[in-house]
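Summary of the model geometry
In case you want the letters, here they are:
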2 protein chains.
Amino acid sequence: MRSGQVTIKDIAKELNISCSTVSRALKDFPGISPTTKKSVVDLANKYNYRPNAIALSLRNQKTNTIGVVIPETVHFFFSTVISGIEDEAMSEGYNVMICQSRESYEREADCIDTLMGARVDGLLVSISRETSDLAHLQKVVSEGKPLVFFDRLVEGMNATSVVVDDYQGAYDATKHLIDQGCKHIVHLEGPDNLIISRKRKEGYISALEDHEMPIDEGLIIECRDGSEAEAAKLFQHLLESGAAIDGVFANNDMAALGALQASKSSGLKVPEDIAIIGFSNWQFSSLIDLSSVEQHGYEMGREAVRLMFQEIANEDESAKSQIRILDAEIVPRGSSSRIA
Amino acid sequence: MRSGQVTIKDIAKELNISCSTVSRALKDFPGISPTTKKSVVDLANKYNYRPNAIALSLRNQKTNTIGVVIPETVHFFFSTVISGIEDEAMSEGYNVMICQSRESYEREADCIDTLMGARVDGLLVSISRETSDLAHLQKVVSEGKPLVFFDRLVEGMNATSVVVDDYQGAYDATKHLIDQGCKHIVHLEGPDNLIISRKRKEGYISALEDHEMPIDEGLIIECRDGSEAEAAKLFQHLLESGAAIDGVFANNDMAALGALQASKSSGLKVPEDIAIIGFSNWQFSSLIDLSSVEQHGYEMGREAVRLMFQEIANEDESAKSQIRILDAEIVPRGSSSRIA
DNA sequence: GCGTTTTTTTCAAACGTTTGCAAGCCTGAT
DNA sequence: ATCAGGCTTGCAAACGTTTGAAAAAAACGC
């Protein structure tokens, strides 16, 4: 018995027939005698034969694998997206190969190189924070490989993308606070170089304008690293300055948590004195009853794969470069709900 | 220009030389004239040549890919393990292919089939909750494919495994509560059919015994689905029964959170009236200042890959079937720390 | 100019699979 | 007998790469 897994050759040799016959017998091709077919199938089962996907890929020039480049898998949101990607891909008989860029440009380029070397049938990419040079991505499309971006929109390249509507989510979140009676709403803003941060800020401002509320630049605070501690410190500072505040819309749930902690330690009641809502609906948010905005990561993953399949199927350029914008959905919880 | 990526053949044709020459030129083989080498390398760069990993795999009978079968990627712990797996694998030039069993036996078998078909060089498996029949795994080892289990130990198969020391972690957690002065410690137990639940319960009991404290079966409560709501309800019930309780060691952080909420809503102060510690050190635990036990998932992932490489390298059976037990480490936080 | 060595290049096979085409065999009609 | 026609099977090439062995080309000594 040979060491590795059984191949068509092994079966052919043992039955003294040709590989062609075995191959055809295994896939119900017409023109194979029932006797032969049975003996082949029996032996294949006995030896637990599995077609060698590598050989198939080489022959068919198709790996049935899609590559995913993502900043981090440990982030709850991204792992949710991956889940959606896997489910949708698996249901179509595709495998998924994941690489983490760790928010590094260099690693991202490496990942793409590796996946291109593995001859994946398409690439799903959420670019790293560092990435501004797009040469490595241009190469991908110039070689005719389907490419779909998700979550993070890439400016300066017209490729198919799936993103969540940050503007609308932010607008709704802010409007929700207004509906709860908030008059002085702080925005804990994300890093200015990210598109999502800007979109969310715009949504916040538009909501205020639409409700004829003043925009107070002093109530917009940038949280650069987006950590809980940073937000808590900055927000505490703001409270101590004596500003009248009764609502917070944070760029992410971590920052919202920071605001929550600062509020409580300042003796303010949530949501009575101050209503708080975050963004992203992290797992912990439901646990601590923090209102947030759901980004539907799972659905985003599935949609990205669906668009990918469209690109793989359509040789023509017709379906290219569309941008799918998914709705963000506010999830009101205890931290912001004053009205029963 | 042909559609797909450039191959050695393309380069050979364009330069009117043979594939062999191109291949050797690209990898600094001796016996290639400098002129030829230069022209080949230049053209390869120009066309952005990348060796076809599929073809290489077929030829070398080695895919440089390891397969991972895991119940869920969205669990924080598992995604941490994956992170470790990826880092260690990548550093050795390996790719990782991940399949989720979704805690289903059938899907698990499917995953393994797929990965075997993809001819991964080795398999890393954390079995599903449903799995009791081990035939699909036996097949893997009988075909000589390296197999390493992680996190969930498999009884009845002697394969290499990496697990965390649940017993010791539970012992330390319980001892920690005792050290904080707790006299009546509840254990919120996990489902009895899981080995980890039993180990943790044993650790809890041993710690009590070693400190000459009575084992009160009434203080051991089974939380079957391990949700926060379930734990809160059961614990609330226990409190209302008037039992004297001043400490809780929960099988996982979700249950611990349930106990925390029930305690607070009953007007008990944490940690003064009741000290609480969970298990797994989920991401939210640090955020809500819940004490827990860290399982070092990242390290577990790396270690699993290291053992895998050992198995791939060692043809002999010498290094087989070892069990690596990683230390669990208690992370004391506000929910249990009475002593400053 | 010819034999000999050295340098450079090519050939061919292999990895596992599929598939168009050709070939073998058998049956029955002429 | 011969041949058409239908079943069944085999051959060979292809996918992209590597590599031992052989061949070709160049360089050298005389």
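Keep in mind that what you see is a predicted model, and the values were worked out from it rather than measured.

1. Side note on the interface of chain A and chain B
- At the interface, 53 residues of chain A touch 53 residues of chain B.
- Taking both partners together, chain A and chain B bury about 4,700 Å²; carbon and sulfur atoms supply 50% of that area.
- It is A:Q5, A:R119 and A:L287 that lose the most area in chain A upon contact with chain B, and together they represent 16% of the buried surface on that side.
- Here chain A and chain B share six salt bridges between them.
- Residue A:D113 pairs with B:R50 through a salt bridge whose shortest N-O separation is 3.4 Å.
- Summed over the shared surface of chain A and chain B, the number is 20 residue pairs in polar contact (both at pLDDT 80 or more).

2. Points about the protein's contact with DNA strand C
- Every one of the 27 residues lining DNA strand C counts as a neighbour, but A:I8, A:Y49, A:R59, B:R24 and B:T36 are closest to it.
- If you look at DNA strand C and keep only atoms within 4 Å of the protein, 63% of those are sugar or phosphate atoms.
- B:S18 places a main-chain nitrogen or oxygen 2.9 Å from a phosphate oxygen of DNA strand C.
- Measuring from a base nitrogen of DNA strand C, one finds a side-chain N or O atom of B:S20 at 2.8 Å.
- Broken down by secondary-structure element, the contributors of at least two residues to the surface near DNA strand C are α1 (8-15), α2 (19-26) and α4 (53-60) of chain A together with α2 (19-26) and α4 (53-60) of chain B.
- A class-by-class count of the residues in the surface near DNA strand C yields eight nonpolar, twelve polar and seven charged.

3. Considering the protein's contact with DNA strand D
- Looking at DNA strand D, there are 26 residues lining it, with A:R24, A:T36, B:I8, B:S23 and B:R59 nearest.
- Near-protein atoms of DNA strand D (within 4 Å) split between backbone and bases, with sugar and phosphate holding 60%.
- At 2.7 Å, a side-chain N or O of B:K9 approaches a phosphate oxygen of DNA strand D.
- Where the surface near DNA strand D is concerned, the elements lending two or more residues are α2 and α4 of chain A together with α1 (8-15), α2 and α4 of chain B.
- When its residues are assigned to classes, the surface near DNA strand D shows eight nonpolar, eleven polar and seven charged.

4. Describing the sheet that holds strand β8 (residues 247-250) of chain A
All names here are of chain A.
- The strand order across the open sheet formed by four strands is β7-β6-β8-β9, and the pairing between neighbours is parallel. In the strand order of this sheet, the two ends are held by β7 (220-222) and β9 (275-277), each with one partner. In this sheet, adjacent strand axes meet at a mean angle of 15° when their direction is disregarded.
- As paired strands, strand β6 (residues 185-189) and β8 are joined by four bridges and run parallel to one another. Among the inter-strand pairings, I185 is bridged to a residue of β8, identified as G247.
- Of the strands in this sheet, β6, β7 and β8 touch helix α9 (residues 195-210), which is tilted by about 165° from β6.

5. Some details on the packing of aromatic side chains
Residues and elements named next belong to chain A.
- Tallying each qualifying case throughout the model produces ten aromatic pairs over all chains.
- Where Y94 meets F309, the ring centres are 4.8 Å apart and the plane angle is 55°; that geometry is what we call tilted. Of this pair, Y94 sits in the loop between α5 (76-91) and β2 (95-100) while F309 sits in helix α13 (residues 297-313), and the two are 215 residues apart along the sequence.
- Classification of Y94 as buried rests on a relative accessible area of 10%.

6. Topic: the domain arrangement of chain A
All names here are of chain A.
- Domain annotation for chain A reports domain 1 (8-51), domain 2 (65-164 + 297-326) and domain 3 (166-295).
- The centre of domain 2, based on its C-alpha atoms, is set 31 Å off from the matching centre of domain 3.
- The junction of domain 2 with domain 3 conceals about 970 Å² of combined surface from both sides, 59% of it contributed by carbon and sulfur atoms.
- Between the two partners, domain 2 and domain 3, sit one salt bridge.
- Note that E155 is salt-bridged to R198, the shortest N-O span being 4.0 Å.

7. Remarks on a nonpolar patch on the surface
All names here are of chain B.
- Taken together, the side chains of L153, I323 and I325 define a hydrophobic patch exposed on the protein surface, amounting to about 250 Å² of accessible area.
- Tracing the chain through its elements places L153 in the loop between β4 (147-150) and β5 (160-164).
- Owing to a relative accessible area of 30%, L153 belongs among the partly exposed residues under this scheme.

8. Details of α13(A)
- An ideal rise of 1.5 Å per residue puts 24 Å on 17 residues; α13(A) measures up with 24 Å between its terminal C-alpha atoms.
- When α13(A) is considered as a whole, its buried residues turn out to be A:G297, A:M300, A:G301, A:E303, A:A304, A:V305, A:L307, A:M308, A:F309 and A:E311.

9. Remarks on the relation of the copies chain A and chain B
- When chain A is brought onto chain B, the operation consists of a screw motion whose angular component is 180° and whose axial shift is 0.0 Å, with 0.1 Å RMSD remaining. Such a combination of turn and shift is consistent with a two-fold rotation axis.
- Mapped onto chain B, 100% of the interface residues of chain A are again interface residues, and the two copies thus contact each other with one and the same surface.

10. Remarks on the side chain of A:T131
Residues and elements named next belong to chain A.
- Relative to the elements of secondary structure, T131 occurs in the loop between β3 (122-125) and α7 (135-142).
- A residue is classified by how much of its surface remains accessible, and T131, at 11% relative accessible area, is buried.
- Within polar-contact distance, the side chain of T131 engages the side chain of E108 at 3.0 Å.
- When near neighbours in sequence (up to four residues on either side) are disregarded, T131 contacts Y105, E108 and H136.

Quick notes on the rules
Numbering of residues starts from 1 in each chain and follows the order in which that chain's sequence is written. All chains are assigned letters beginning with A, and all ligands numbers beginning with 1, in the order in which they are written. In view of the model being predicted, local features appear only for residues whose pLDDT reaches at least 70, and side-chain atom pairs are presented and counted only at 80 or more, with totals across whole chains, interfaces and linings using the full set of residues. In computing side-chain values, all of the structure's heavy atoms are included and hydrogens and water are not. Residues are treated as being in contact if the distance between any of their heavy atoms lies within 4.5 Å. Accessible area that two parts lose when put together, evaluated with a 1.4 Å probe and summed over both, is termed the buried area. When a carboxyl oxygen of Asp or Glu is within 4 Å of a side-chain nitrogen of Lys or Arg, the pair counts as a salt bridge. Within 3.5 Å is the distance limit for a polar contact, defined as a pair of N or O atoms, with the added protein rule that one can donate a hydrogen and the other accept it, and that residues adjacent in sequence qualify only through two side-chain atoms. Consider each residue's heavy atoms; a residue with any of them within 4 Å of a molecule or strand counts as near. Secondary structure elements are taken from DSSP: a helix is a run of H or I of four residues or more, a strand is a run of E of two residues or more, and numbering for both begins at the N terminus. By the convention adopted, Pro, Cys, Tyr, Trp, Phe, Met, Ile, Leu, Val and Ala count as nonpolar, Lys, Arg, Asp and Glu as charged, and the other residues, Gly among them, as polar. By definition, two strands form a pair when at least two bridges between them are found by DSSP. For every element, the axis is a line fit to its C-alpha atoms; helices are fit only across the contacting stretch, and the angle between N-to-C directions ranges from 0 to 180 degrees. Pairs were defined over the aromatic rings of Phe, Tyr and Trp, the Trp ring being its six-membered one, requiring ring centres within 6.5 Å. Orientation was assigned from the angle between planes: stacked under 30 degrees, edge-to-face over 60, tilted for the rest. Accessible area is worked out with a 1.4 Å probe on protein chains only. A residue is then buried under 20% of its type maximum, exposed over 50%, and partly exposed in between. The source of the domain bounds is an automatic or database domain assignment. Residues enter a patch when their relative accessible area is above 30% and they make no salt bridge; the linking distance is 9 Å between like charges and 5 Å between nonpolar side chains (Val, Leu, Ile, Met, Phe, Trp, Tyr). Each accessible area is a Shrake-Rupley estimate made with a 1.4 Å probe; only the visible protein chains count as cover when residues are assessed. Here the expected span of a helix is defined as 1.5 Å times the quantity of residues minus one. For this overlay, a least-squares fit was computed on C-alpha atoms, restricted to residues scoring pLDDT of at least 70 in both copies.

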